[in-house]
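Structural overview for review
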Amino acid sequence: MISVAMAAYNGEKYVKEQICSILTQFSKDDELVISYDGSCDNTLNIINGLRGNDSRIRLVNGPSKGLIKNFENAIVNCSNEYIFLSDQDDVWCENKASEVMSIFEKKSDVDLVLHDAKVVDENLNVLFPSFFEKRNSKKGLFNNTIKNSYIGCCMAFKASLKNKILPFPEKIPMHDQWIGLMAEKYGKVELLNKTLLLYRRHDETITKGKRADVITMLKWRARILNELFKRSKNLSLKRRQRNDQK
């Protein structure tokens, strides 16, 4: 039932720990899809070593167009009904998959689940016990356009959202906010107030969590709103075309 979409690039320090924390929660029909975007370290050898002993790991070549497109490639290649996003350097808590799936099973109308996490340093020492509290996370299209709560490593969504969120627009600041906003607009989101991930922050982290300057943040908001408008327009047009063909 589960596909995990991971983007891998220069992740040798942490990727094995993360992969192992995921696989221990898998059934035989689940899959970990790793989009490998090339590296100058030992990432590929580590993945291949694990893959040789577990057929549930699928390695696909990345597009070499940056993090957002690498995640898009991983999502495109996911084949199961529920898609979890995964960074290469975090650690799943042992009950993450079952807790998230219980929401989907109990609430069939939910399209995306966002859960809480502990923010930790490279050695897993706790920096903030709750990402939700630190970020004042809440649902809502407007809320998450102004102050984004959606981080991919804490998200899972139904594969039925793929035809709305993909392809990712070229000019969005990050893919996870885009997915969250599209789920807010076209589906139903559930916030799960449980800590199910160790969200690692370290010197090599691609998304450092630092605040951009005001002008940059305003540009990002305007850009993502513009892309939401364009995607909504395109989806409405396709829907009308399908209705006309009936």
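This write-up is about the structure you can find in this document. (Residues numbered from 1 in each chain as written. Predicted model: local features only at pLDDT ≥ 70, side-chain atom pairs only at ≥ 80, totals over all residues. Heavy atoms only, no water.)

Things to note about the nonpolar core
For clarity, the threshold we go by: To form a nonpolar core, buried Ala, Val, Leu, Ile, Met, Phe, Trp, Tyr and Cys residues must be joined to one another through side-chain atoms within 4.5 Å. The rule is simple: take the accessible area with a 1.4 Å probe, protein chains only, and divide by the maximum for that residue type; under 20% is buried, over 50% is exposed, in between is partly exposed. Here a strand is any run of E in DSSP of at least two residues, a helix any run of H or I of at least four, and the numbering for each starts at the N terminus. Any two residues whose heavy atoms approach within 4.5 Å are treated as being in contact.
By size, the foremost hydrophobic cluster in this structure holds 68 residues, and its most contacted members are Ile19, Leu32, Ile75, Leu112, Phe157, Phe168 and Ile179. Per-element tally for this core: the top contributor is strand β1 (residues 2–8), with six residues. Not counting chain neighbours up to four residues away, the residues in contact with Phe168 comprise Ile68, Lys69, Phe71, Glu72, Ile75, His175, Trp178, Ile179 and Arg231.

Thoughts on the environment of Leu191
Mapped onto the secondary structure, Leu191 falls in strand β9 (residues 189–200). The spatial distance from the C-alpha of Leu191 to the C-alpha of Lys139 is 7.4 Å, given a sequence separation of 52 residues. Ignoring any residue separated from it by four or fewer positions in sequence, one finds Leu191 in contact with Leu114, Phe132, Ser137, Lys138 and Lys139.

A few points about the packing of helix α8 (residues 175–186) against helix α9 (residues 214–245)
Heads up, the condition is: In this analysis an axis means a line fitted to C-alpha atoms, helices contributing only their contacting stretch, and an angle means the value between N-to-C directions, from 0 to 180 degrees. Roughly parallel covers angles under 35 degrees, roughly antiparallel covers those over 145, roughly perpendicular covers 65 to 115, and oblique covers all other angles. Handedness of a helix crossing follows the sense of rotation of the near helix relative to the far helix, less than a right angle counterclockwise being left-handed and clockwise being right-handed. Amino acid classes used here: Ala, Val, Leu, Ile, Met, Phe, Trp, Tyr, Cys and Pro are nonpolar; Asp, Glu, Lys and Arg are charged; the rest, including Gly, are polar.
It is the contact of α8 with α9, at a shortest axis distance of 11 Å, that shows an interaxial angle of 50°. Regarding the angle of α8 to α9, the classification is oblique. Our pair here, α8 against α9, has a crossing hand that is right-handed. Of α9, the residues touching α8 (which contributes Gln177, Trp178, Leu181, Met182, Lys185 and Tyr186) are Ile224, Glu227, Leu228, Arg231, Ser232 and Leu235. Of the residues belonging to the contact of α8 with α9, the class tally is seven nonpolar, two polar and three charged.

Remarks on the environment of Lys171
Looking at the element boundaries, Lys171 is found in the loop between α7 (162–165) and α8. Relative accessible area serves as the criterion here: at 55%, Lys171 is assigned to the exposed category. Spatially, the C-alpha atoms of Lys171 and Asn226 are 9.8 Å apart, while their sequence positions differ by 55 residues. Residues contacting Lys171, with those up to four places away along its chain left out, are Arg223 and Glu227.

A look at a nonpolar patch on the surface
Quick note on the threshold: Surface patches are defined over residues having more than 30% relative accessible area and no salt bridge, joining like charges when they lie within 9 Å and nonpolar side chains (Val, Leu, Ile, Met, Phe, Trp, Tyr) when within 5 Å. Accessible surface area values rest on a Shrake-Rupley calculation with a 1.4 Å probe, where residue burial reflects the displayed protein chains alone. When a carboxyl oxygen of Asp or Glu is within 4 Å of a side-chain nitrogen of Lys or Arg, the pair counts as a salt bridge.
A surface patch of nonpolar side chains, about 300 Å² in accessible area, is lined by Val214, Ile215 and Leu218. Structurally, Val214 can be placed in helix α9.

With respect to the pattern of salt bridges
Overall, the coordinates contain eleven salt bridges when judged by the stated rule. Of the charged contacts in the structure, one is a salt bridge between Lys69 and Glu170, with a shortest N-O distance of 3.7 Å. With Lys69 in helix α3 (residues 67–76) and Glu170 in the loop between α7 and α8, this pair connects stretches of sequence that are 101 residues apart. Residue classification places Glu170 among the exposed residues on the basis of a relative accessible area of 66%. If you follow the salt bridges from partner to partner, you end up with Lys69, Glu72 and Glu170 in one network.

As for the packing of aromatic side chains
Spelled out, the test is: Stacked, tilted and edge-to-face are the three classes assigned to paired rings of Phe, Tyr and Trp, where Trp is represented by its six-membered ring and a pair needs centres within 6.5 Å; plane angles under 30 degrees give stacked, over 60 edge-to-face, the rest tilted. Charges are assigned to positions over rings by a cutoff of 6 Å between ring centre and Lys NZ or Arg CZ, combined with an angular limit of 35 degrees from the ring normal.
What the rule picks out here adds up to three aromatic pairs. Seen in terms of ring centroids, Phe84 and Trp92 are 5.6 Å apart; in terms of plane orientation they differ by 35°. Their pairing is tilted. Summarising the burial analysis for this pair, Phe84 and Trp92 share the class buried. For the cation-ring pair, Lys96 lies above Trp92, with the distance from its terminal atom to the ring centre recorded as 4.7 Å. Over the face of the ring belonging to Phe128 we find Lys134, whose NZ or CZ atom lies 4.8 Å from the ring centre.

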